[in-house]
Amino acid sequence: MEVTSIQNGIIIDHVPAGTALKVLDYLKINPAKTKLALIMNTDSHLYGTKDIIKIEDEDGKKTPAIDLDVLGLVARTATVGIVRGGTIVEKKTPTLPEHVVNILTCKNPRCVTTTERGIDQMFHLTHSERQEYRCDYCDEEAKL
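- In the annotation of an unreviewed UniProt entry, the protein is listed under the name Aspartate carbamoyltransferase and assigned to Bifidobacterium goeldii.

**Regarding the side chain of Glu-132**
Reasoning step 1: Within the secondary structure, Glu-132 is located in strand β8 (residues 132-135).
Reasoning step 2: Side chain to side chain, Glu-132 and Arg-130 meet in a polar contact 2.7 Å long.

**Regarding the pairing of strand β2 (residues 36-44)**
Reasoning step 1: With seven bridges joining them, β2 and strand β3 (residues 48-56) adopt antiparallel strand pairing. Along β3, the bridge assignment pairs Ala-37 with Lys-54.
Reasoning step 2: Joining the antiparallel neighbours β2 and β3 is a turn of three residues.

**Observations concerning the pattern of salt bridges**
Reasoning step 1: Taken as a whole, this structure holds five salt bridges when the rule is applied.
Reasoning step 2: For Arg-84, the salt bridge is made with Asp-57, and the minimal N-O distance between the two is 3.8 Å. Remark: Asp-57 occurs in the loop between β3 and α2 (68-74) and Arg-84 occurs in strand β4 (residues 79-84); sequence separation between them is 27 residues.
Reasoning step 3: We classify Arg-84 as partly exposed; its relative accessible area is 22%.
Reasoning step 4: On the basis of relative accessible area, Asp-57 is assigned to the buried category, the value being 8%.

The rules behind the values
- Residues numbered from 1 in each chain as written.
- Predicted model: local features only at pLDDT ≥ 70, side-chain atom pairs only at ≥ 80, totals over all residues.
- Heavy atoms only, no water.
- Helix = DSSP H or I, 4+ residues; strand = E, 2+ residues; numbered from the N terminus.
- Polar contact = N/O pair within 3.5 Å; in protein donor to acceptor, adjacent residues only side chain to side chain.
- Pairing = 2+ DSSP bridges.
- Salt bridge = Lys/Arg side-chain N within 4 Å of Asp/Glu carboxyl O.
- Buried < 20%, exposed > 50% of the residue type's maximum accessible area, 1.4 Å probe, protein only.

As structure tokens, then:
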């Protein structure tokens, strides 16, 4: 299989194998309206297998917006390469955010965010090694 390089855009590399579609969903990137290439379950020297997401920016003027907090939450090992003129000009590494808003959903049926409309879903990081987040309102552990 051959996937050509992109001239302008971003490359999200080192995405855990099999999670590229989930990453696109969390990043709110619509594959039907975005020129992109998904490479899934490809070989990786570091992880064995990985996914790669390439998002093309045809006019070269606007880099697609990637929320690094969200990416750090759903694909902690990922890296983001900014491509201009066929060359990676900048590399970014996401980190686990201390606080996330409206990314995770509380599963506690008695939580105020479940029973009331219009309340932001807010979670805070309680244990970085286990990637454990808890609801700000009821302290329920988030399920990623």
